[in-house]
Amino acid sequence: MSSPDPTGWNEAVRDVSLSHLPDHIRRAIEITPAAGARERIIDITTRGRRTGRPHRIEIFFYRAAGSTYLCSGAGGGATDWYANLLANPTFTFHLKNGIRADLPALATPVTTPAERQAVLAEIVADLNQPHDPGTIRPTRLEDWADSRLMRISFRHRP
């Protein structure tokens, strides 16, 4: 018998974090590969790691392997949002295009090689779909290998 995965990355718990959300919000987050870049743009509000003050940042989110992720993209350079979420993992996820909602969320860094590989491969494959002409192609998985990657879970409102 195997022990539970402490990262929470397994089939039994993947989509549980969306089940409590209203259907229209859940559908907006369960974005499909046919979605364009605009639908993937959100804002997050996190506390600044140095100032402790709320800081609003625009970022892309992705759905992959049954979960929601924030990813730094190709190149994997240092990012303020990643450092802020490492220091303060609770934040607000703001849907702002189409459906609007402010959702309390928790960020967990993805460090397990198997999860990183699966998620990044799915993100890159999605970006290489012909649904969004004008994006730079081809997007190569090796360019994303060092990306900062956070898995997002949505908390119930108190």
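Residues numbered from 1 in each chain as written. Predicted model: local features only at pLDDT ≥ 70, side-chain atom pairs only at ≥ 80, totals over all residues. Heavy atoms only, no water.

### Re the overall build of the chain
No. 1: Counting its secondary structure elements, the chain contains four helices and six strands.
No. 2: In the chain, the order of α-helices and β-strands from amino to carboxyl end is α-β-β-β-α-β-β-α-α-β.
No. 3: Expressed as a percentage of the 158 residues in the chain, the buried residues total 41%.
No. 4: The contacts in the chain between residues at least 6 apart in sequence include a share of 66% that link residues at least 24 apart.
No. 5: Summed over its atoms, the accessible surface of the chain is roughly 8,700 Å², and 54% of this surface lies on carbon and sulfur atoms. (Helix = DSSP H or I, 4+ residues; strand = E, 2+ residues; numbered from the N terminus. Buried < 20%, exposed > 50% of the residue type's maximum accessible area, 1.4 Å probe, protein only. Contact = heavy atoms within 4.5 Å. Areas by Shrake-Rupley, 256 points an atom, 1.4 Å probe, with all protein chains shown as cover.)

### Quick notes on the sheet that holds strand β3 (residues 67-71)
No. 1: Taken together, the six strands give a closed barrel; going around it, the order is β1-β2-β3-β6-β5-β4, and neighbouring strands pair in antiparallel fashion. The average angle at which neighbouring strand axes cross in this sheet is 45°, direction not considered.
No. 2: Relative to strand β2 (residues 54-64), strand β1 (residues 41-47) runs antiparallel, the two sharing seven bridges. Directly across from isoleucine 44, in β2, lies its bridge partner isoleucine 57. (Pairing = 2+ DSSP bridges. Axes fitted to C-alpha atoms, helices over the stretch in contact; angles between N-to-C directions.)

### A look at the environment of alanine 121
No. 1: Topologically, alanine 121 is positioned in helix α3 (residues 113-127).
No. 2: Along the sequence, alanine 121 and leucine 141 sit 20 residues apart, while their C-alpha atoms lie 6.2 Å from each other.

### Considering α3
No. 1: Taking 1.5 Å as the rise per residue, α3 with 15 residues should run 21 Å; its terminal C-alpha atoms sit 21 Å apart, in good agreement.
No. 2: Within the sequence span of α3, burial applies to Glu115, Arg116, Val119, Leu120, Ile123, Val124 and Asp126. Each buried residue of α3 sits inside an arc of 160° when the element is viewed along its axis, so together they form one side. (Expected span 1.5 Å × (residues − 1). Arc of directions from axis to C-beta.)

### Quick look at the nonpolar core
It is characteristic of soluble globular proteins that their nonpolar side chains tend to be buried jointly.
No. 1: Among the nonpolar cores identified, the biggest contains 24 residues, and Ile29, Leu70 and Phe93 are the most heavily contacted of them.
No. 2: At the level of secondary structure, the elements contributing two or more residues to this core comprise α1 (23-29), β1, β2, α2 (80-87), β4 (90-95), β5 (101-109) and β6 (149-154).
No. 3: Among the elements that line this core, the one with the most residues is β5, at four residues.
No. 4: Other than its neighbours up to four places away in sequence, phenylalanine 93 contacts Ile29, Ile42, Asp43, Phe61, Thr68, Ala101, Asp102, Leu103, Ala105, Ile152 and Phe154.
No. 5: Counting 12 residues, the second largest nonpolar core, distinct from the first, contains Val110, Val119, Val124 and Leu149. (Core = buried A, V, L, I, M, F, W, Y, C linked by side-chain atoms within 4.5 Å.)

### Description of α2
No. 1: Turning to α2, its buried residues are Trp81, Tyr82, Ala83, Asn84 and Leu85.
No. 2: Here the buried face of α2 lies against β1, β2, β3, β4, β5 and β6.

### Some details on the confidence of the model for the chain
No. 1: Per-residue confidence for the chain gives a mean pLDDT of 79, with 78% of residues at or over 70.
No. 2: Below a pLDDT of 50 lies the segment residues 1-16, which in the model reaches 17 contacts outside its immediate sequence neighbourhood of four places, other chains included. (pLDDT = per-residue confidence, 0-100.)

### Some thoughts on the pairing of β5
No. 1: Note: β4 against β5, six bridges, orientation antiparallel. Directly across from threonine 90, in β5, lies its bridge partner leucine 106.
No. 2: Hairpin remark: β4 followed by β5, antiparallel, with five residues in the connecting loop; positive phi at glycine 98, about 85°.
No. 3: The pairing of β5 with β6 spans five bridges and is classified as antiparallel. Among the inter-strand pairings, proline 109 is bridged to a residue of β6, identified as methionine 150.

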